[in-house]
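# Tertiary structure, described
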Amino acid sequence: RGVTEWTSWFNIDHPGGNGDYERLEAIRFYYRERVCARPTAMEARTTDWVAPADTGEVVHSSLEKGFWCVNNEQPRGRVCSNYHVRFQCPPGSMQSYWTNWSEWGPCSTAVCNDVGIQVRQRKCVNTQPMPLLLVPACIGHHSERRECSNPPCTDKCQLVCSEGRPSEDCSRCACDDHVLHGEVHGVTGVPVAEAWVALDREPKVIRALTDAKGQFRITGICSASSGAISIRKEKFAPITVSAANNGTGLSWVRAVLRSAEKPYVVKHPEDKVRYEGGRVMMCCKATGSPPPDKYYWYHNGTLLDRKLYKYEEDLVLWSLKPEQSGQYYCKTSSSAGSIKSSPALLTVIAKGQPSCNSTPEMHLIRLPMDCVQPGTDSMHYNTGRCLHNKCAGSLDFDMRCRDEAGFCCGVKDMESRVINCGSYILPIRAVTQCSCQKCLQPTVLVRGRVVTADNGEPLRFGHIYIGKERAGTTGYQGGFTLQIPPDTQRLVVNFVDPTEKFLDTPKVFILDKRGGSIYHDVKVMRKKAPIDINAGETNSINLGEINGEDPIGQLVIPPNSFHKENGEIYEGTVKASVTFIDPRNITTAAAAPGDLNFVDGEGDMLPLRTYGMFSVDFRDESNKEVLGAGAVQVLLDTQHVKMPEHIPKMKLWSLNPDTGVWEEESDFSYTTTTAGGHGRSKREERTFLIGNMEIRERRLFNLDVPENRRCYVKVRAYMSDKFLSSEQLEGVVITLINLEPKPGFSSNPRAWGRFDSVITGSNGACLPAFCDAQRPDAYTAYVTAMMGGEELEAAPSSPKMNPNIIGVSQPYLDKIDYQRSDHDDPALKKTAFKINLAKPNQNNFDETNGPIYPYQNALSCENAPIDANHFRFFRVEKDKYEYNVIPFEENDLTTWMGDYLSWWPNPQEFRACFIKVKIHGQKEVMVRSRNLGGTHRETKGKLYGLRDIRSTRDMREANTSAACLEFKCSGMLFDQAEVDRSIISVLPQGNCRKTNTNSLLQEYLIKHPPVAPNNDTHGFTMLAPVDPLGHNYGIYTVTDQNPRVAKEIAIGRCFDGTSDGFSREMKTDSGVALTFSCPERKINRESLFQRLQNNPSQTLAQMGRSMRESEGMQAQRLPTRIVAYPSEQQGRTQNRRVTSTTRRRVSMRTQQRQ
């Protein structure tokens, strides 16, 4: 090391705009650790290595400000060159440097006419992660001292007052004749009693408390001093208001307090990948009332030193090392509480290591049913795929909260291969190499339909809110579609009925970040009809009214509790509507608002177990004005709390509609009363829990218990009932409803307690649930699975329990008591299962391998191997098959690859096309579409893919079925340069003959050449229409941002036979494109030997005639025809020969007659 050392070269600006500015302040912001505090010299050169003096340009430089060149100062027609600079620093200053001096501290003495000491400090900052003894120390002292003195002592107060007089302690001006009056109300007009009132400049000195009417009075404060008043109360957000003075010795204050809201994270840190030595910025932002004022950052659960990392909302890390990889999250807090963000994964790639694994992983696709590879008998083929992990690409700027152009591992090279299916071949494109590329940014959609829980009436034209912003409107049938920003972590959607027939219902929706469109069947509660109550009397309203059972509780409203918005007490008749969501009614579970979670004092989101929710709506009888109410009591009958340990933990909660999180209102206390129950012949003493609340801006309340007995349940979804590990389904929504059974009857639940939904990933899903170690049936669970609106089947439990099918080994399976929904009644649906949530005993080896995991073993559940115990769902697709030459998973849009043979040419817009094929015959028939390139030069004659579907029986018409068959739409390919009219062959399997073609479709094809030849009566060929035709043509086309949704809508219209309807019952009398007759083959079970024995003369004569006819008609035989299903070729050929012989017999007989 020499006397001094030079930094590296910096170039943070370009000469565009006003010029080239290499400011030292900006360089320090980006490269703080690379520039010393006080450089001793600076050097500048152009990027072509020319010194500034040799450029002929006007430049400026300063060791304090840096280097800059202004375009307007240059000779006419010239602009500044692109410069870079470096700085010279003293030895060791690159590792250690002084911060700026702090301000001088206060004088050490407060006594008048006395002398004291003032101190200021600075810090020596080390930028290298080395032991302190090895880091060069800063030169100089870390503190400075100087003398200070106070003014001489005086006998009188020196405070000068513009009005009034100095107070006795000389701290303020006092006005004995001035009075400050004030009123404090809530947002609904309810007076706020016992609120603290203080001057804003002296917030800790309480000047007054509000009375029962929300009023206060302060004397002796001058009008100038009363300008800003601070008002506080527990569970309210503090507020500062200004007083109004009319010059008469009186000042007035009117304040409105809003309920305190716990912090809520609106911007979460995001996953990022960087190379060693780089830098990264993690961002976090939260809202609340009051706003959060403190942020803390954690790395792998360890709090980062604020003084070292100098963070607030954003965390910046410099000179990254591999050991800094891991999870980062922020925690923010205010006086109302704390909240933690979702964790973000930072990956730091060591020098010399690849950002992406170039070798693709194994990915097996299923082959067609009639494709069996010779020598292997395998019906799967490995096409390879690239793990869609984030990687470190070349960012234009790396200090954003969200990387603008994210990079992911994607396909670099593919090769064309041929799959030998025995009797035919299939082309396939397989992945051979992966690399780091820009991520495909799929559109994240949330769809669904909003209907009432009682009779399915749709919420028509309902308002949809995300936070406080209006996001859309439901349709006439209650449908909605929302496009969600890709950085959304928690989606809270509030459905508001403008007609006020239904409850306003906030819902927390799960998201599929890979672009899958999750369908939500949203249930809302119908408002209970209002009753008339007298505001001047005590009123009791029952909570939960079920025939034959007592109410769960009561709402007790004292007299004169109702208030108008202006704070006036309301006297008169109140229209009171209290709607109770009763957990004893299992159908109400889907209508529960929020997601039954709360945030504890540490900022963790934890689950609640509900004993009922209720919504209140109080209105003025005359003008329908919304009324507030104070000092309301909630009574909960303890007979409904079957778990005694829940009673002391019971709390009353209110729902924050913007965050979907339940926040604590009050605790409960005991009381005993004498009451008559339902069906009781006499009155008896009963115990209630009493909670107190005020009805302010929130109108949804909950009787809940925080439950610590928690577990995780492992569930996987598969393509078929073979449950192959290579055929796991991602993007499936698994829903678990916690049930509380009646004592001794685990199959007869008493009530539901909570519900959760999780989307399956590459390793299944882990669902949180309540469980119990002492009583296996203390909690049970009801589990369902849905994929794009389609319900999946659960593994069967009858007629015999098979652990290999269910996926759980004995004896734990018996303890769990697995039962599919049709276990006792085969007529019921097979789309759910019920289990006992028995917490596993960690000392019992049989219970340590899933499918239920203790809550603290969440990682064990998430990372469980495929052979570990788990519950199973499967998709019923025995009669459906799809094959793509370019493999693509429709539930993961990030697997899309740009290729001329891609089935879906545009990853942002998916067009699904279906043709309706009618079948006359006693049995359903498999129908195939073979899809080839037609007119595009890159795809002509090449296979896009195959589609197989079995026809669906029309229950209204005998011996008739129909198939909604997908085909490759015509249109632009992925390069958006040229249209391809794909060639579609529709080929029914079996003894089928085309009997009719839709006349409109036939006319359209003729008018839009080229026309495909259709000489084969056993199939149909066409060039796919470019136009989106409709049901009149038997063609159904739907375009959507998600392929599964587009196909679901098109299939629903095809079943219904209309262009705008939807049905799951096949209607074969409308919207048909093609009609085939597929009669059953008549099979003669009598052998030739049996016929000779039974009727020898007739048999021999028939054989002779057949031989003579065969010789005479040899020249008229037709050549053998290629058919769609190779496995059926032999049988079909034999059938054609018999048919040909029959024709010849008819022909010969006709000639003989003539």
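Residues numbered from 1 in each chain as written. Predicted model: local features only at pLDDT ≥ 70, side-chain atom pairs only at ≥ 80, totals over all residues. Heavy atoms only, no water.

Across its full length, the protein chain holds 10 helices and 76 strands. Evaluated residue by residue, the protein chain yields a buried proportion of 48% over its 1154 residues. Considering only contacts within the protein chain whose residues lie at least 6 apart along the sequence, 68% involve residues at least 24 apart. Surface summary for the protein chain: the accessible area is close to 56,300 Å², and the carbon and sulfur share equals 50%. (Helix = DSSP H or I, 4+ residues; strand = E, 2+ residues; numbered from the N terminus. Buried < 20%, exposed > 50% of the residue type's maximum accessible area, 1.4 Å probe, protein only. Contact = heavy atoms within 4.5 Å. Areas by Shrake-Rupley, 256 points an atom, 1.4 Å probe, with all protein chains shown as cover.)

On inspection of all chains with the given rule, the structure shows 14 disulfides. In this model Cys-913 forms its disulfide with Cys-969; the gap between the sulfur atoms is 1.9 Å. Where Cys-913 bonds to Cys-969 through sulfur, the torsion about that S-S bond is close to 120 degrees, and the disulfide is right-handed. Residue Cys-913 is located in strand β65 (residues 910–920), and its partner Cys-969 is located in the loop between β69 (960–967) and β70 (971–972); the two are separated by 56 residues in the primary sequence. As far as burial versus exposure is concerned, Cys-913 and Cys-969 are alike and both buried. For Cys-992, the disulfide goes to Cys-1078, at an S-S distance of 2.0 Å. (Disulfide = S-S within 2.5 Å.)

This part covers the pattern of salt bridges. Applying the stated criterion across every chain, the model contains 45 salt bridges. Within the structure, one salt-bridge network assembled from shared partners comprises Asp-454, Glu-457, Lys-501 and Arg-526. (Salt bridge = Lys/Arg side-chain N within 4 Å of Asp/Glu carboxyl O.)

One pass over the structure, following the stated rule, counts 23 aromatic pairs. Both rings, one in Phe-614 and one in Phe-701, keep their centres 5.5 Å apart while their planes meet at 25 degrees; by these two values the pair is stacked. Here Phe-701 lies in strand β52 (residues 700–706) and Phe-614 lies in strand β47 (residues 605–620), a separation of 87 residues in the sequence. You'll find Phe-614 and Phe-701 in the same group, each marked buried. Where Tyr-718 meets Phe-723, the ring centres are 5.4 Å apart and the plane angle is 80 degrees; that geometry is what we call edge-to-face. Classification of Phe-723 by relative accessible area gives buried; the value is 12%. Linked through ring pairs, Tyr-818, Phe-833, Phe-871 and Phe-873 together constitute an aromatic cluster. (Phe/Tyr/Trp six-rings, centres within 6.5 Å; stacked < 30°, edge-to-face > 60°.)

This brings us to helix α7 (residues 1043–1056). With 14 residues, α7 extends 20 Å from end C-alpha to end C-alpha; this agrees with the ideal 20 Å at 1.5 Å per step. Counting buried residues along α7, 11 of its 14 residues qualify, which places the element largely inside the surrounding structure. Restricting attention to buried positions, one finds in α7 the residues Pro-1043, Arg-1044, Val-1045, Ala-1046, Lys-1047, Ala-1050, Ile-1051, Gly-1052, Cys-1054, Phe-1055 and Asp-1056. One or two positions beyond α7, positive phi appears at Gly-1057, with a value near 75 degrees. (Expected span 1.5 Å × (residues − 1).)

It is worth spelling out the environment of Ser-62 at this point. Following the sequence through the fold, Ser-62 ends up in strand β4 (residues 60–62). Accessibility expressed as a relative area gives 18% for Ser-62, which makes it buried. With residues near it in sequence (within four places) discarded, Ser-62 still touches Met-42 and Trp-68. Engagement of the side chain of Ser-62 in a polar contact is seen with the side chain of Glu-64, the distance being 3.1 Å. (Polar contact = N/O pair within 3.5 Å; in protein donor to acceptor, adjacent residues only side chain to side chain.)

Below, the discussion takes up unusual backbone geometry. Gln-810 connects to Pro-811 through a cis peptide bond whose omega is 0 degrees. The topology assignment puts Pro-811 in the loop between α3 (803–806) and α4 (812–816). At the junction of Gly-850 and Pro-851, the peptide bond is cis and its omega measures out at 5 degrees in the coordinates. Within the secondary structure layout, Pro-851 lies in the loop between β61 (832–836) and β62 (852–854). The residue Lys-235 is not glycine, and still its phi comes out positive at about 75 degrees. Among the secondary structure elements, Lys-235 is positioned in the loop between β16 (228–232) and β17 (239–242). On the basis of relative accessible area, Lys-235 is assigned to the partly exposed category, the value being 40%.

Before going further, it helps to examine the nonpolar core. Soluble globular proteins tend to bury their nonpolar side chains together. Ranked by size, the top nonpolar core spans 71 residues in total, and within it Leu-555, Phe-562, Phe-614 and Phe-618 carry the most contacts. For this core, the element with the highest residue contribution is strand β53 (residues 710–718), accounting for 5 residues. Each residue touching Phe-618, except ones within four places of it in the same chain, is listed here: Leu-555, Ile-557, Phe-562, Val-574, Lys-575, Ala-576, Val-578, Glu-625, Val-626, Leu-627, Ile-695 and Arg-699. Among the nonpolar cores identified, the runner-up in size contains 41 residues, and Phe-888, Trp-903, Ala-1050 and Met-1066 belong to it. (Core = buried A, V, L, I, M, F, W, Y, C linked by side-chain atoms within 4.5 Å.)

All right, on to the sheet that holds strand β6 (residues 83–89) then. Here we have 3 strands laid out as an open sheet, ordered β1-β6-β3, and antiparallel in their pairing. Among the strands making up the open sheet, the edge pair consists of β1 (5–6) and β3 (41–46). When β3 meets β6, the two strands line up antiparallel, connected through 6 bridges. For Met-42, the partnering residue across the bridge sits in β6 and is Phe-87. (Pairing = 2+ DSSP bridges.)

This part takes up the pairing of strand β12 (residues 173–186). A large share of β12 lies buried, amounting to 10 of its 14 residues. The sheet contact formed by strand β11 (residues 165–166) and β12 spans 2 bridges and is antiparallel. Bridging across to β12, Arg-165 finds its partner in Ala-174. With 7 bridges joining them, β12 and strand β15 (residues 215–221) adopt antiparallel strand pairing.

It is worth spelling out the side chain of Lys-994 at this point. Summarising the element assignment, Lys-994 is placed in strand β73 (residues 993–997). A relative accessible area of 18% places Lys-994 in the buried class. Sequence-distant contacts of Lys-994, that is, excluding residues within four places in its chain, are made with Asn-1014, Asp-1016, Thr-1017, Gly-1019, Phe-1020, Thr-1075 and Phe-1076.

Let us look at the pairing of β69. Across the 8 residues of β69, 8 count as buried, placing the element largely inside the fold. Bridging between β65 and β69 involves 8 bridges; their strand directions are antiparallel. Paired with His-920 across the bridge in β69 is Thr-960. As paired strands, strand β68 (residues 952–953) and β69 are joined by 2 bridges and run antiparallel to one another. Directly across from Arg-953, in β69, lies its bridge partner Ser-961. Where β68 folds back on β69, the antiparallel hairpin that results is connected by 6 residues, among which Asn-959 adopts a positive phi of roughly 55 degrees.

The next thing to look at is the environment of Thr-432. Note that Thr-432 resides in strand β33 (residues 425–438). For Thr-432, a relative accessible area of 32% corresponds to the partly exposed category. When the C-alpha atoms of Thr-432 and Thr-359 are compared, they prove to be 7.1 Å apart, with 73 residues separating the residues in sequence.

Attention shifts here to helix α6 (residues 999–1007). Listing the buried residues of α6 in full gives Leu-1001, Tyr-1004 and Leu-1005. Across the axial projection of α6, the buried residues extend over an arc of 95 degrees, all falling on one side. Away from its buried face by more than 90 degrees, α6 exposes Ser-999, Ile-1006 and Lys-1007. Contact partners of the buried residues in α6: β74 (1020–1023) and β75 (1035–1040). Where α6 begins, one side-chain oxygen reaches toward the backbone nitrogen of Leu-1000, 2.9 Å away; that side chain belongs to Asn-998. (Arc of directions from axis to C-beta.)

The next subject is the sheet that holds strand β38 (residues 491–496). Taken in spatial order, the 4 strands of this open sheet run β36-β35-β38-β39, and their pairing is antiparallel. Here the strands that pair on one side only, and so sit at the sheet edges, are β36 (469–473) and β39 (505–509). Averaged over all pairs of adjacent strands, the angle between their axes in this sheet comes to 30 degrees, without regard to strand direction. In this structure, strand β35 (residues 463–466) lies alongside β36, joined through 4 bridges in antiparallel fashion. The partner of His-463 across the bridge, within β36, is Thr-473. (Axes fitted to C-alpha atoms, helices over the stretch in contact; angles between N-to-C directions.)

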